[in-house]
Amino acid sequence: MEFSRKEIQPHAPNWDQQKLFPSDVLQKAASLGFGGVYVKDDVGGSGLGRKDAAIIFEALARGCVSTTAYLTIHNMCCWMVDEFGTEDQRNQWLPELCSMNKFASYCLTEPGSGSDASSLQTKAELRGDVYYLTGEKAFISGGGRSDIYLIMARTGGKGPKGISCFIVPKESEGISYGSQLDKLGWNSQPTAPVILENCKVPKENMLGLEGMGFKIAMQGLDGGRINIGTTALGGAAECLELASDHISSRKQFGKTLDQFQYLRFKIADMATELTAARLLVFQAAEMLDEKHPARTMHCAMAKLFATDVGFDICNNSLQMHGGYGYIKEYSPERYLRDVRVHQILEGTNEIMKHIISRSVLGE
C-alpha cells in the first residue's frame, strides 16, 4: 500500500489526463517483485500464489486502476510463458519480463471475434522453420509499446483446436501497429491494433504444442479474470473511503451528510458488497492455485460479481460527492471511467453468466 500511495496515486490524475504510460513506475514495481508475481523464482519471478497477487493488485489499484490493470495483463503473459514454455523459452524471455525491462501484451481479440474468440481469423503458415502470421488483433493493451506479444493464430482448421500461440517480439518483420485508441478510461496504458502482414516468427517461438493456443489463452484468462476483478475492487475500496470522508465533512441542512440514515445505509451496503466480492475473488484464486475442477466457473463468478460491485461502488461514491464527483479535481470520476471496462474485457459479464450457467447445468 505504501508504494501505491507514494509512487502511483499522486501521479495517476496526470497520467490519465496526459495519457502517459508510466514505464518507470512499473519498473519500480517490478523491482519489488510485482512484474512476475506468480512466476517461478528461478527466472526472476516472485513465486507467490494467486491470492497473494489479488491482495497486491487490489492495493496497487487503489492508486490507479488503469496502470495496475496493465500490470496484471503483463503478469498473465509472464505466467503463460512460465507454465507452457520450454526451459529455453522461460530462460530467454522471463528474466527481462519479470524485471519489466520488457513489457508484454496478450493478443486474442480481433475485429470480427470478440466473445466468439475461437472463431479468430489470424493465420499462421509454416514455411520451412518460420511461421508467417497474417491478420489483425484488436484492443490490445500495450499495443505499439510492449516488447513481446503473445499472439493466438490459426495453424489448423476451424474451431479452438486449430489455434496455436506464438511469442512475437516487437521488432519482428511484418508486424505493425494501428493508431492509439481514444478511450473513456484506462488512459495510462496504450491501446492499439496489432497488424500482422506475413509477420515472420521462428518455429521455436511457438508456445506449447501446435493446437494448444486456445487452451493456453483460456487458462491465462482464468487468472486474468481474477486480476480484473481484484483491480476493480481496488478502485471501489478507494472510492468507498473517499465517499466516507466526504459525507463526514460535507454539511447540508445544518448537519454533516453522514448523519442522514439513507447515506449511512448506503455506506453499509457498499462495505458489505466490497467484502463479499473480495472473498469471492480470494476463493477463486485459491481454487485456481489448487487446480480445482470448478476453477473456471468460480473465476467467472468472481469476475462477474467483483466488476459489477466495483462499478456500482464507484458510481455511488460519485453520487455521494454530488457535483464535485463529476469534476476531475476529485477522484471518483476517474475511478468510475477506469473500472467500467472491467465489465467488458477478459470476457464480458454476459459471457461470464454463460460460463457459470453451462457449468451449473452440467453442459
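Residues numbered from 1 in each chain as written. Predicted model: local features only at pLDDT ≥ 70, side-chain atom pairs only at ≥ 80, totals over all residues. Heavy atoms only, no water.

### Here we look at the overall build of the protein chain
Then, in step 1: A tally of helices and strands in the protein chain yields eleven helices and ten strands.
Then, in step 2: In terms of overall dimensions, the protein chain is globule-like: its C-alpha atoms have a radius of gyration of 21 Å, near the 21 Å expected for 363 residues.
Then, in step 3: For the C-alpha atoms alone, the extent of the protein chain along its principal axes is close to 80 × 45 × 40 Å.
Then, in step 4: The 363 residues of the protein chain split such that 54% are buried.
Then, in step 5: Of the contacts made within the protein chain by residues no fewer than 6 positions apart, 73% connect residues no fewer than 24 positions apart.
Then, in step 6: Counting only carbon and sulfur atoms, one obtains 52% of the accessible surface of the protein chain, whose full area is about 15,600 Å². (Helix = DSSP H or I, 4+ residues; strand = E, 2+ residues; numbered from the N terminus. Rg over C-alpha atoms; globule rule 2.2 N^0.38 Å. Buried < 20%, exposed > 50% of the residue type's maximum accessible area, 1.4 Å probe, protein only. Contact = heavy atoms within 4.5 Å. Areas by Shrake-Rupley, 256 points an atom, 1.4 Å probe, with all protein chains shown as cover.)

### Examining the environment of Trp79
Then, in step 1: With respect to the secondary-structure elements, Trp79 resides in helix α5 (residues 65-84).
Then, in step 2: Judged by its relative accessible area of 12%, Trp79 falls in the buried class.
Then, in step 3: Each C-alpha atom, one on Trp79 and one on Gly36, is 7.4 Å from the other, the two residues being 43 residues apart in sequence.
Then, in step 4: Excluding residues within four positions of it along the chain, Trp79 makes contact with Tyr38, Val39, Arg50, Phe84, Gln219 and Gly220.

### Digging into the side chain of Glu238
Then, in step 1: In this fold, Glu238 is placed in helix α7 (residues 213-249).
Then, in step 2: The exposure class of Glu238 is buried, given its relative accessible area of 5%.
Then, in step 3: Discounting residues that sit within four places of it in the chain, Glu238 has contacts with Arg5, Gln9, Arg62 and Tyr335.

### Considerations on helix α6 (residues 87-98)
Then, in step 1: Over its twelve residues, α6 extends 16 Å from the first C-alpha to the last, a length consistent with the 16 Å expected when each residue adds 1.5 Å.
Then, in step 2: Among the residues making up α6, those that are buried are Gln89, Arg90, Trp93, Leu94, Leu97 and Cys98. Mapping the buried residues of α6 onto a view down its axis gives an arc of 120°, with all of them on the same face.
Then, in step 3: In this structure, the buried side of α6 is in contact with α3 (23-31), α5, β1 (104-107), β4 (148-154), β5 (163-169) and β8 (206-207).
Then, in step 4: The positive-phi residue at the C-terminal boundary of α6 is Met100, with phi of around 60°. (Expected span 1.5 Å × (residues − 1). Arc of directions from axis to C-beta.)

### Quick notes on the nonpolar core
Then, in step 1: In terms of nonpolar packing, the biggest core is built from 65 residues, with Phe57, Leu60, Met80, Tyr106, Leu108, Met152 and Leu207 touching the most fellow members.
Then, in step 2: Element by element, the count of residues in this core is highest for α5, at twelve residues.
Then, in step 3: Ignoring sequence-local partners within four residues, the contact set of Leu108 consists of Ala117, Leu120, Lys137, Met152, Ala217, Met218 and Leu221.
Then, in step 4: Listed in part, the 25 residues of the second largest apolar core include Ile226, Ile247, Leu288 and Met320. (Core = buried A, V, L, I, M, F, W, Y, C linked by side-chain atoms within 4.5 Å.)

### Details of the pattern of salt bridges
Then, in step 1: Throughout the structure, instances matching the rule amount to 20 salt bridges.
Then, in step 2: Linking Asp16 and Arg337 is a salt bridge whose minimum nitrogen-to-oxygen distance equals 2.7 Å. Taken together, the residues span a long stretch of sequence, with Asp16 in helix α2 (residues 12-18) and Arg337 in helix α10 (residues 332-340) at a distance of 321 residues. For the pair Asp16 and Arg337, one class covers both residues: buried.
Then, in step 3: We note a salt bridge from Lys137 to Glu110, for which the minimum N-O separation is 2.8 Å. One end of the pair, Lys137, is in strand β3 (residues 130-141); the other, Glu110, is in the loop between β1 and β2 (123-127), and 27 residues separate them in sequence. Accessibility assignment for this pair places Lys137 and Glu110 in one class, buried. (Salt bridge = Lys/Arg side-chain N within 4 Å of Asp/Glu carboxyl O.)

### Thoughts on the packing of aromatic side chains
Then, in step 1: Counting across every chain of the model gives eight aromatic pairs.
Then, in step 2: A centroid spacing of 6.2 Å and a plane angle of 55° characterise the contact between Tyr70 and Phe103, whose relative ring orientation is tilted. Residue Tyr70 is located in helix α5, and its partner Phe103 is located in the loop between α6 and β1; the two are separated by 33 residues in the primary sequence.
Then, in step 3: Taking the relative accessible area as the measure of exposure, Phe103 reaches 1% and is therefore buried.
Then, in step 4: Consider the rings of Trp79 and Phe84, whose centres lie 5.8 Å apart with planes at 90°: the pair is edge-to-face.
Then, in step 5: On the basis of relative accessibility, which here comes to 15%, the residue Phe84 falls in the buried class.
Then, in step 6: One aromatic cluster is present, built from ring pairs that chain together Phe21, Tyr70 and Phe103. (Phe/Tyr/Trp six-rings, centres within 6.5 Å; stacked < 30°, edge-to-face > 60°.)

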